Number of protein chains: 2
Amino acid sequence: MNETHDHALSSWLSAANAKDTDFPVQNLPIGVFRRRSPGDAPRGGIAIGDQIVDLSRASKLFEGLAAQTAAACAAPSLNGYLALGHEAWSALRLALSRALRTGSALEEQLTECLVPEADAELVLPITVGDYTDFYASIHHATRVGLLFRPDQPLMPNYTWLPVAYHGRSSSVVVSGTDIRRPCGQLKPPSASTPTVAASARLDYELELGVVVGPGNAPGERISVDGADPHVYGLCLLNDWSARDIQAWEYQPLGPFAGKNFATTISPWLVSLEALEPFRAPWSRDPSHTQVLPYLAGVDNAARGAFDIQVEARLSTAAMRERQVPAQVLARSHFHEAAYWTVSQMLAHHTLNGCALRPGDLLGTGTLSGPEREQAGCLLELSHGGQQPLTLASGESRAFLLDGDLLSLHAWCEREGATRIGFGSASGLVLPAHPLYD
Amino acid sequence: MNETHDHALSSWLSAANAKDTDFPVQNLPIGVFRRRSPGDAPRGGIAIGDQIVDLSRASKLFEGLAAQTAAACAAPSLNGYLALGHEAWSALRLALSRALRTGSALEEQLTECLVPEADAELVLPITVGDYTDFYASIHHATRVGLLFRPDQPLMPNYTWLPVAYHGRSSSVVVSGTDIRRPCGQLKPPSASTPTVAASARLDYELELGVVVGPGNAPGERISVDGADPHVYGLCLLNDWSARDIQAWEYQPLGPFAGKNFATTISPWLVSLEALEPFRAPWSRDPSHTQVLPYLAGVDNAARGAFDIQVEARLSTAAMRERQVPAQVLARSHFHEAAYWTVSQMLAHHTLNGCALRPGDLLGTGTLSGPEREQAGCLLELSHGGQQPLTLASGESRAFLLDGDLLSLHAWCEREGATRIGFGSASGLVLPAHPLYD
C-alpha cells in the first residue's frame, strides 16, 4: 500500500470522483484506444472517470522511469509495456496519480492529453502469445462434472493441482466484438450418430483474466511466493462455450471446437498494485489439509486471494426493444469461488519449465460460488438446460439465443478503500452462418 | 505437377544431385538462418544440397512476383511470406528451380547468394500464433487408450471427427534446442497421494507439423476440398511428453504440463507443391463407412493423403561415446498411420469459425502405424514401460534418459519421382533442474 491507494484522494476530473465510477484516481487501469476518426492509430491509455489519458502524449509531462514507461505505451499493443516489470509500472502509476489529483500543477497540461471515452474505440490491449484457461472454482467443477460425468464429478487430481488446458489465442477479442454462433458436430444422447448443426447450447463463462508481465525463460520456474512480479493484473474474461459441441468432442483430449471460436476480454487491465487494498487470505475447505510445498507459500496463504465481486448480466433483444435494463444472472466473489490463487496458477504452470511471456493470458475458469444461484454460466444456472431461467421480462433462457447481449462486470469494495471497477466485457450473439450445401 | 517436379532435373550444385540428399532441386524447402558470425541477422533461405540460398540477396536476380516474394523473406520469421499465398510461393519456386538447374544462366550470380549449411545456424522459421495438436493415428489412439483407459480405449467420437487439443506456442523450439527434463506432479497408481519430482517417463512423439498459409477470418470456414491454398506445407514435429505428469493431470480437460514444456520442429518447411508427386488417396478402414459431408470431399478422397515415411532415431550418450550410429526405433507411413487428412483437419478446425492465421502450426499427432513396431513413441514401443526396448548397444530403454539424443526424420520416395526429405528434428535430453525445497 502506498500513497496511490489513499482513500482520501480525489481528482480534479470530477467524473473520477463519482461514487459509482469504475475508474477513480485509485484505479488507473491501462488499455489501448484510438479516436473514432480515420487514420488514428491505436495507442496506450489510462482510464480516469469518463476520460482516457493518452500516454504517449502525457509522457512529455513526466520524468525518468515514469516518462520512459509512458512512452513505451505508444505501441498498438501493451506487450512492450508488460515486459518492463513492476518498477516501471509503479513509477508511471505514481506519476499519473499525482498528476490527476486535486491540486496538481499538471492539470492544465494533462487536460490536453485527455480523450473522452465516448469518442474512442477500445481495441484488444495485448497480443496474446498463449492463452491458458484454469478451472479454479471447485463449485463449478463439481456441478459441471455432475452433468458430464455423474459417476465421477470431481477428478482425484482436483484438490492437488490447479487443473488447466490451453485455449486459442486467435479466439481472444475485445469487449464489443460480436459473437457468431458456432456450428459443429453434435450428438445428443438420444441420437445414434452425430450431425452438423449450429450449436443449440451456447453459453458464457464468467471469468477473470490474468495478464502476464515479464514472464520466465524456458526451463525456469516461478515460485508461489515469487509470482506477483510476473503478473501485471486482471481483466474480465468470457470463455464463450458451445456445450453441445464440447460434450461430444472433449474426451479424451479436452475442450477444443466447443471453446476456440471466441473469448472476450475487457479493454481495461487493472493492475495488481491497484488491487492491493483488496487482497485476502487464501482459504479452502478445512478438510483439504494437504498442500504440496510448491503451492504452499506463506505469503500466498496470508494474502494470495483477491476480494473481487463478479457479475454476469443479460440483455435480450426484447429487453433492448422495450428499454428494460439488463438482468443480473448471477454474482459471486473471486476469493470464495476460486480454490486456487493466481500465484498458485503461475507456480503450477511453470513447475515444468513452461515459458510464460509478456501479454500471455490466463483465465481463472468459471467463477461459480458455492450456491447454484452464484453460478457463472447458464449450464449450471439452468441445470444442464433442464430448468430454464425465467427472466423478469417474461422470457426464459436455458442457453443464449441470437440477439442476446451478455456482459460481465467486476468491482472491488471494502471499508476504508475506494471502490474500483473493471468496466465490462460484452458480446452480442449473432446467428450462425448457414452451413454449406 | 509442373516442370519443377520433373525427375530428370539436375542442379549445377553437385551436392543437390546426390542420391541420398534430402534437398534436391525438386524439393526447395524454406527456413530461416543466420551465418554463425556476430551480428548476422536471421533471414529466409532455401535448402539446396548442402547449401542455403539467401533469399533476400537472390531476390535481385528474379523479376515480378518471384522477386517480391523472395524480398518478403528478408524478415526474421516467415509469417509474412506465409501470408502471401500459393501464387507467390509457386512463382518463387519456379524461379529458384530454373536458376538452380544445370545450365542456368544465373549460376554464377546465384553462387554468390549461397551460404554453406555448415556455416549457418538454423532458427525457428515461424512465429507460431497458435499450435494445435491432432490425434490422427487410430493405431496410436487405440494403443495409448488401452494403457490410460483399458475399459474404453477409443472414444465414440474418434471415427467421426479429427480429435485435437490446443498446445502451447511458447513451447515450440527449433531442432537442436536442448530439452530440459520437466518436473511435475506425479501419482503412480500405487501411491495414495501425488508427489513432485522430475518426470521418470519422458517420451517423444513422432509427428508431422502442418504450417498454415493465409488462413481464414474469424467466423469463416475452410472447406475440405478448398483447404490446400490455406496450407503452406509440412515439417517434422516432436511433441515431447512426460507420461507420468500427463497421466495424473489429463482428466477432465486434457494434456497440459505433460506436454507444454517443449515441442521441437525441423528448421525446413517442405511445401505442398514439392509434395505433389507423393499425394495418395485417403483410405480408411472399410467398416467405417459414414463420413459427415464437411469431411467428405471428392478431391480429398482422391488425393488428400501424402505418402511420407517417418522415422525416429535414438542416439544415447554411450552410443555417441563409442561413435556408434543412432538406432532407428520405429518407422511408419503418414498415409497409413493417419485416419484423417490435413484437409480434414482444417475443415474440422474451422467448422465453428475458428480463425487460423499465417504461421499457425498443426501437429498430426503421433504417427504410429498398424503394428506396434511402427509406433511413434516409447509409451507404445515399451508397452507403457512394462517391456523396455533392448538397443543394439546393449542398453535398454523404457523411456528417455538424460543424455539421449532423439531425432525425427521423414522423406518421400516413389517410382518416377525424385526422393525428397525433411532434414531432421532433434533434441538432447538434459537433466532436470533441482527442485525447490
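Note that the structure is predicted; figures quoted are calculated from it, not measured. (Residues numbered from 1 in each chain as written. Chains lettered and ligands numbered in written order. Predicted model: local features only at pLDDT ≥ 70, side-chain atom pairs only at ≥ 80, totals over all residues. Heavy atoms only, no water.)

Visitor: Help me understand the overall build of chain A in this model?
Guide: The secondary structure content of chain A amounts to 13 helices and 26 strands. In terms of C-alpha radius of gyration, chain A reaches 22 Å, essentially the compact-globule figure of 22 Å for 437 residues. Projected onto the principal axes, the alpha-carbon positions of chain A cover approximately 70 × 55 × 40 Å. Across the 437 residues that make up chain A, the buried fraction comes to 63%. About 15200 Å² of surface is accessible on chain A, with carbon and sulfur atoms providing 53% of the total. Across chain A, the centroid of the 32 positively charged side chains sits 3 Å from that of the 46 negatively charged ones. (Helix = DSSP H or I, 4+ residues; strand = E, 2+ residues; numbered from the N terminus. Rg over C-alpha atoms; globule rule 2.2 N^0.38 Å. Buried < 20%, exposed > 50% of the residue type's maximum accessible area, 1.4 Å probe, protein only. Areas by Shrake-Rupley, 256 points an atom, 1.4 Å probe, with all protein chains shown as cover. Lys, Arg positive; Asp, Glu negative; His and termini not counted. Charge placed at Lys NZ, Arg CZ, Asp CG, Glu CD.)

Visitor: How should I be thinking about helix α6 (residues 138-148) of chain A in this particular structure?
Guide: At 3.6 residues per turn, the α-helix brings residues three or four places apart onto the same side. Residues of α6 of chain A that are buried: Ile138, His140, Ala141, Arg143, Val144 and Gly145 of chain A. Where α6 of chain A is buried, its residues contact α11 (334-337) and α13 (378-381) of chain A. (Contact = heavy atoms within 4.5 Å.)

Visitor: What's the story with the sheet that holds strand β4 (residues 114-116) of chain B in this structure? I'm lost.
Guide: Backbone-to-backbone hydrogen bonds pair the strands of a sheet. The strands run either parallel or antiparallel. Residues and elements named next belong to chain B. The antiparallel open sheet is built from five strands, whose spatial order is β4-β3-β2-β1-β5. Edge positions in the sheet fall to β4 and β5 (120-123), since each of these pairs with one other strand and no more. Adjacent strand axes in the sheet meet at a mean angle of 50° when their direction is disregarded. Bridging between strand β2 (residues 43-48) and strand β3 (residues 51-54) involves four bridges; their strand directions are antiparallel. Considered in β3, the bridge of Gly45 is made with Asp54. (Pairing = 2+ DSSP bridges. Axes fitted to C-alpha atoms, helices over the stretch in contact; angles between N-to-C directions.)

Visitor: Looking at this model, I keep getting lost on the interface of chain A and chain B. Mind explaining?
Guide: Frequently, the measure chosen for interface size is the accessible area removed from exposure when the parts meet. At the junction of the two partners, chain A supplies 61 residues and chain B supplies 61 residues. Together chain A and chain B conceal approximately 5600 Å² of surface at their shared face, both sides included; 60% is due to carbon and sulfur atoms. A per-residue breakdown of the area chain A buries against chain B is headed by Arg221, Leu253 and Phe256 of chain A, which together make up 15% of the total. Our count for the contact surface shared by chain A and chain B stands at four salt bridges. A salt bridge links Arg168 of chain B to Asp130 of chain A, with the shortest nitrogen-to-oxygen separation between them at 3.8 Å. The interface formed by chain A and chain B contains 34 residue pairs in polar contact (both at pLDDT 80 or more). Counting residues per element, the ones that place at least two in the side of chain A that touches chain B are β7 (164-166), β10 (183-186), β11 (195-198), α7 (243-249) and α12 (342-350) of chain A. (Buried area = accessible area lost by both parts, 1.4 Å probe. Salt bridge = Lys/Arg side-chain N within 4 Å of Asp/Glu carboxyl O. Polar contact = N/O pair within 3.5 Å; in protein donor to acceptor, adjacent residues only side chain to side chain.)

Visitor: Honestly, the packing of aromatic side chains in this entry has me stumped. Any pointers?
Guide: To describe a pair of aromatic rings, one takes the distance between the centres and the angle between the planes. For the structure on display, the rule yields 20 aromatic pairs over all chains. Seen in terms of ring centroids, Tyr81 of chain A and Trp89 of chain A are 6.4 Å apart; in terms of plane orientation they differ by 40°. Their pairing is tilted. Classification of Tyr81 of chain A by relative accessible area gives buried; the value is 3%. Accessibility expressed as a relative area gives 6% for Trp89 of chain A, which makes it buried. Relative to Tyr232 of chain B, the ring of Trp89 of chain B has its centre 4.8 Å away and its plane inclined at 90°; by these criteria the two rings are edge-to-face. Here Trp89 of chain B is found in helix α4 (residues 86-100), whereas its partner Tyr232 of chain B is found in strand β14 (residues 231-238), with 143 residues between them in sequence. Tyr232 of chain B shares its class with Trp89 of chain B; the two are buried. Through pairs of rings, three or more aromatic residues link up here, namely Tyr135, Tyr158, Trp282, Tyr339 and Trp340 of chain A. (Phe/Tyr/Trp six-rings, centres within 6.5 Å; stacked < 30°, edge-to-face > 60°.)

Visitor: What should I look at first to understand the packing of helix α2 (residues 64-71) of chain B against α4 of chain B in this one?
Guide: The packing of two helices is summarised by the inter-axis angle and the distance between the axes. Residues and elements named next belong to chain B. Running from N to C, α2 and α4 cross one another at 100°; their axes reach a closest spacing of 8 Å. By the angle class used here, α2 and α4 are roughly perpendicular. Listed contacts from α4 to Leu65, Ala66, Thr69 and Ala70 of α2 are Glu87, Ala88, Trp89, Ala91, Leu92 and Ala95. Partitioning the contact of α2 with α4 into residue classes produces eight nonpolar, one polar and one charged. (Parallel < 35°, antiparallel > 145°, perpendicular 65-115°, else oblique. Nonpolar A, V, L, I, M, F, W, Y, C, P; charged D, E, K, R; others polar.)

Visitor: How should the layout of surface pockets be read in this particular structure?
Guide: Rolling a probe over the atoms, with the probe sized like a water molecule, indicates the empty space that remains. Computed from the structure, the largest pocket encloses a volume of approximately 890 Å³. Together, 28 residues line the largest pocket, and Leu147, Phe148, Ala247, Trp248 and Tyr250 of chain B are the ones closest to its centre. Of all the secondary structure elements, the ones that give two or more residues to the lining of the largest pocket are α6 (138-148) and α7 (243-249) of chain B. Among the elements that make up the lining of the largest pocket, the one with the highest residue count is α7 of chain B (four residues). The calculated volume of the second largest pocket comes to roughly 670 Å³. If you trace the second largest pocket, you find 21 residues lining it, with Phe148, Lys187, Pro189, Ala247 and Trp248 of chain A closest to the centre. Among the elements of the structure, α6 and α7 of chain A are those that each provide at least two residues to the lining of the second largest pocket. Among the elements that make up the lining of the second largest pocket, the one with the highest residue count is α7 of chain A (four residues). Residues belonging to the lining of the second largest pocket are distributed by class as follows: 11 nonpolar, six polar and four charged. (1 Å grid on protein atoms, 1.4 Å probe; cavity = no way out; pocket = protein on both sides within 12 Å on 5 of 7 lines; lining within 4 Å. Points joined across faces, edges and corners; volume = space filled by probe spheres on them.)

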